[in-house]
Amino acid sequence: GFQPAYEGTDNRCTLIEGANGFRLPFEAEWEFAARGGDNYKYAGSDDVDEVAWYTKTTNDKGTRPVGQKKVNNYNLYDFSGNVFEWCADDYDNPGQHVSGASLRARRGGSWNYSANFCTVSVRSGSSPVKRNKSLGLRFSRSLE
């Protein structure tokens with residue numbers, strides 16, 4: 001019953017303004033949710049080991065099931081580490097969804113990266129055609 005948030009396919013899609021269907025979060029939305037109403041360095045703590053799966057805690061052996069680390073104050077898990085999460089933003093134009101962008105923003109760090117990438121403020125970009133086991137996504141939707 002939701003209106004689709006995108007029209008088109010893959011990286012050539014267009015975001016439909018005002019649609020209430022599921023979509024990728026913009027970086028600002030992602031960071032707001034990750035911070036959980038606090039100003040911690042990582043999502044839910046200043047201690048990375050409490051909240052994140054990253055190279056030290058996984059020994060480079062892959063992702064872990066969601067919810068095994070400390071939750072943030074919005075009761076959301078795994079914004080720091082485990083997998084990078086795609087955002088809707090064109091990396092070179094934060095806050096904008098650009099159809100056909102050469103780089104999309106990703107946030108949160110990953111199981112096979114250092115703790116530096118797990119901070120809620122660090123941003124990175126990747127080609128939207130890139131697929132690997134350290135990339136994931138988190139859906140969001142606009143509420144009326």
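Attention here is on the structure that accompanies the text.

About the criteria used
Residues numbered from 1 in each chain as written. Predicted model: local features only at pLDDT ≥ 70, side-chain atom pairs only at ≥ 80, totals over all residues. Heavy atoms only, no water. Phe/Tyr/Trp six-rings, centres within 6.5 Å; stacked < 30°, edge-to-face > 60°. Buried < 20%, exposed > 50% of the residue type's maximum accessible area, 1.4 Å probe, protein only. 1 Å grid on protein atoms, 1.4 Å probe; cavity = no way out; pocket = protein on both sides within 12 Å on 5 of 7 lines; lining within 4 Å. Points joined across faces, edges and corners; volume = space filled by probe spheres on them. Helix = DSSP H or I, 4+ residues; strand = E, 2+ residues; numbered from the N terminus. Nonpolar A, V, L, I, M, F, W, Y, C, P; charged D, E, K, R; others polar. Salt bridge = Lys/Arg side-chain N within 4 Å of Asp/Glu carboxyl O. Core = buried A, V, L, I, M, F, W, Y, C linked by side-chain atoms within 4.5 Å. Contact = heavy atoms within 4.5 Å. Pairing = 2+ DSSP bridges.

**A look at the packing of aromatic side chains**
Phase 1 of the analysis: The final tally for this structure, using the stated rule, is 7 aromatic pairs.
Phase 2 of the analysis: Ring plane angle 70° and centroid distance 5.0 Å describe the contact between tyrosine 113 and phenylalanine 117, whose orientation is recorded as edge-to-face.
Phase 3 of the analysis: Using a relative accessible area of 26% as the deciding quantity, one classes tyrosine 113 as partly exposed.
Phase 4 of the analysis: Classification of phenylalanine 117 by relative accessible area gives partly exposed; the value is 29%.
Phase 5 of the analysis: Members of the aromatic cluster, joined through ring pairs, are Phe2, Phe22 and Phe139.

**Overview of the layout of surface pockets**
Phase 1 of the analysis: Considered as a void within the structure, the largest pocket measures approximately 360 Å³ in volume.
Phase 2 of the analysis: In terms of lining, the largest pocket is formed by 17 residues, of which the most central are Asp10, Asn11, Cys13, Leu24 and Arg104.
Phase 3 of the analysis: Among the elements of the structure, strand 3 (22-23) and strand 4 (84-90) are those that each provide at least two residues to the lining of the largest pocket.
Phase 4 of the analysis: The element best represented in the lining of the largest pocket is strand 4, accounting for 3 residues.
Phase 5 of the analysis: Split into classes, the residues belonging to the lining of the largest pocket amount to 11 nonpolar, 2 polar and 4 charged.
Phase 6 of the analysis: Considered as a void within the structure, the second largest pocket measures approximately 160 Å³ in volume.
Phase 7 of the analysis: In this structure, the second largest pocket is lined by Arg23, Pro25, Glu29, Trp30, Ala33, Leu76, Phe79, Arg138, Phe139, Ser140 and Arg141.
Phase 8 of the analysis: Element by element, the count of residues in the lining of the second largest pocket is highest for helix 1 (residues 27-35), at 3 residues.
Phase 9 of the analysis: Split into classes, the residues belonging to the lining of the second largest pocket amount to 6 nonpolar, 1 polar and 4 charged.

**Points about the pattern of salt bridges**
Phase 1 of the analysis: This model, assessed by the stated rule, comprises 8 salt bridges.
Phase 2 of the analysis: In this structure, glutamate 29 and arginine 23 form a salt bridge, with 2.8 Å as the shortest nitrogen-oxygen distance.
Phase 3 of the analysis: For glutamate 29, a relative accessible area of 33% gives the class partly exposed.
Phase 4 of the analysis: Note on arginine 23: relative accessible area 6%, which makes it buried.
Phase 5 of the analysis: A cluster of three or more residues bridged by salt bridges with shared partners is formed by Glu27, Glu31, Arg35, Arg107 and Arg123.

**Observations concerning the nonpolar core**
Phase 1 of the analysis: Judged by nonpolar contacts, Ala5, Leu15, Ala19, Leu24, Phe26, Phe84, Trp86, Ala88 and Leu135 together constitute the single largest core of 9 residues.
Phase 2 of the analysis: Here the element with the most residues in this core is strand 4; it accounts for 3 residues.
Phase 3 of the analysis: Filtering out sequence-adjacent residues up to four positions away, leucine 24 remains in contact with Tyr6, Trp86, Cys87, Ala88, Leu137, Arg138 and Ser140.

**What to know about the pairing of strand 5 (residues 104-107)**
Phase 1 of the analysis: Covered by surrounding structure in strand 5 are Arg104 and Arg106 together with Ala105 and Arg107, the residues of both alternating faces.
Phase 2 of the analysis: The pairing of strand 5 with strand 6 (residues 123-126) spans 4 bridges and is classified as antiparallel. Of the residues in strand 6, the one forming a bridge with arginine 107 is arginine 123.

**So, the sheet that holds strand 4**
Phase 1 of the analysis: The strand order across the open sheet built from 4 strands is 6-5-4-7, with neighbouring strands paired in mixed fashion. Of all the strands in the sheet, the pair left with one neighbour each is strand 6 and strand 7 (135-136).

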